[in-house]
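# Fold and contact review
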Amino acid sequence: MFRLTSRVEPDFLWAMLYEAVFWRDLGEEERPPLAELREQRWFARYVDGWGRAGDTALVALDRNNEGVGAAWYRTFAPDDAGFGFIDADIPEISIGVYGEFRGRGVGSLLLGSLIVRARAHDLPALSLSVAAENPARRLYERLGFVDVADGDGSITMRLDLQ
Ligand SMILES: CC(C)(COP(=O)(O)OP(=O)(O)OC[C@H]1O[C@@H](n2cnc3c(N)ncnc32)[C@H](O)[C@@H]1OP(=O)(O)O)[C@@H](O)C(=O)NCCC(=O)NCCS
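This one's a predicted model, so the numbers in the text were calculated from it and none came from an experiment.

## Observations concerning the nonpolar core
Core analysis: the biggest nonpolar cluster contains 28 residues, and Ile 93, Leu 110, Leu 126, Tyr 140 and Phe 145 have the highest contact counts within it. Those elements giving two or more residues to this core turn out to be strand E2 (56-61), strand E3 (67-74), strand E4 (92-97), helix H4 (106-120), strand E5 (125-131), helix H5 (136-142) and strand E7 (154-160). For this core, the element with the highest residue contribution is H4, accounting for six residues. Once residues lying within four places of it in the same chain are set aside, the contact partners of Tyr 140 are Ile 95, Leu 111, Leu 128, Val 130, Phe 145 and Met 157. The next biggest cluster of nonpolar side chains, apart from the first, holds 21 residues, and it includes Ala 44, Ala 57, Val 59 and Leu 61.

Structure follows, in structure tokens:
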């Protein structure tokens with residue numbers, strides 16, 4: 001019912017990054033507009049200049065070929081580290097699925113397939129950052145991620161690949 005493609009438009013990654021950051025349903029007024037967030041490095045570093053060496057993304061499409069979710073990873077320099085940074089050679093994952101498509105296996109499909117890619121590229125590990133109370137943690141644990149650090153209500157998780 002859903003299929004994956006590695007042909008990605010950065011605009012769709014921006015939209016999914018927005019879903020990932022605002023994983024909690026806050027109501028629209030409390031969310032700053034995407035255009036404003038794109039000016040902020042803590043947000044923009046996950047997609048800005050997409051297409052760097054090592055950048056890897058998968059998009060899930062519905063039967064009308066519309067994007068419903070995406071998962072991607074990229075590495076960061078220590079002086080431009082993301083929230084889930086562990087090391088410069090361990091890419092950090094971002095993932096988001098549109099609200100109406102959650103809980104139907106899209107996230108598992110995306111993340112499982114992204115992990116297969118990471119293994120195929122001989123990466124040592126993957127990392128991510130997740131809010132302590134985000135139910136997404138269960139998905140990450142099912143796929144083998146373990147907690148390696150926590151602070152300020154968010155947890156860094158790591159999946160060893162070697
Ligand atoms: C996390 C997310 C990508 C998972 O994708 P999905 O298609 O919903 O996942 P699946 O249907 O394959 O797997 C279900 C698991 O996803 C998580 N999940 C399901 N609905 C969710 C929701 N509304 N919010 C967050 N996580 C959810 C749970 O871990 C769930 O496991 P469970 O069945 O044991 O409760 C998706 O729910 C989402 O975009 N959530 C909001 C954004 C977010 O939290 N991104 C990650 C930030 S670290």
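## Section: the site of the ligand
Around the ligand, 22 residues are found, and the nearest of them are Gly 105, Gly 107, Ser 108, Pro 135 and Arg 138. Here a nitrogen atom of the ligand sits 3.1 Å away from a polar atom, N or O, in the main chain of Ile 95. Pro 135 places a polar main-chain atom, nitrogen or oxygen, 2.6 Å from an oxygen atom of the ligand. The fraction of the free accessible surface of the ligand (820 Å²) that becomes covered by protein chains is 81%. Here the ligand occupies the largest pocket. If you list the elements that add at least two residues to the shell around the ligand, you get helix H1 (10-21), E4, H4, E5 and H5.

Rules behind the numbers
- Residues numbered from 1 in each chain as written.
- Predicted model: local features only at pLDDT ≥ 70, side-chain atom pairs only at ≥ 80, totals over all residues.
- Heavy atoms only, no water.
- Core = buried A, V, L, I, M, F, W, Y, C linked by side-chain atoms within 4.5 Å.
- Buried < 20%, exposed > 50% of the residue type's maximum accessible area, 1.4 Å probe, protein only.
- Helix = DSSP H or I, 4+ residues; strand = E, 2+ residues; numbered from the N terminus.
- Contact = heavy atoms within 4.5 Å.
- Near = heavy atom within 4 Å.
- Polar contact = N/O pair within 3.5 Å; in protein donor to acceptor, adjacent residues only side chain to side chain.
- Areas by Shrake-Rupley, 256 points an atom, 1.4 Å probe, with all protein chains shown as cover.
- 1 Å grid on protein atoms, 1.4 Å probe; cavity = no way out; pocket = protein on both sides within 12 Å on 5 of 7 lines; lining within 4 Å.
- Sits in = over half its atoms within 2 Å of the grid points.

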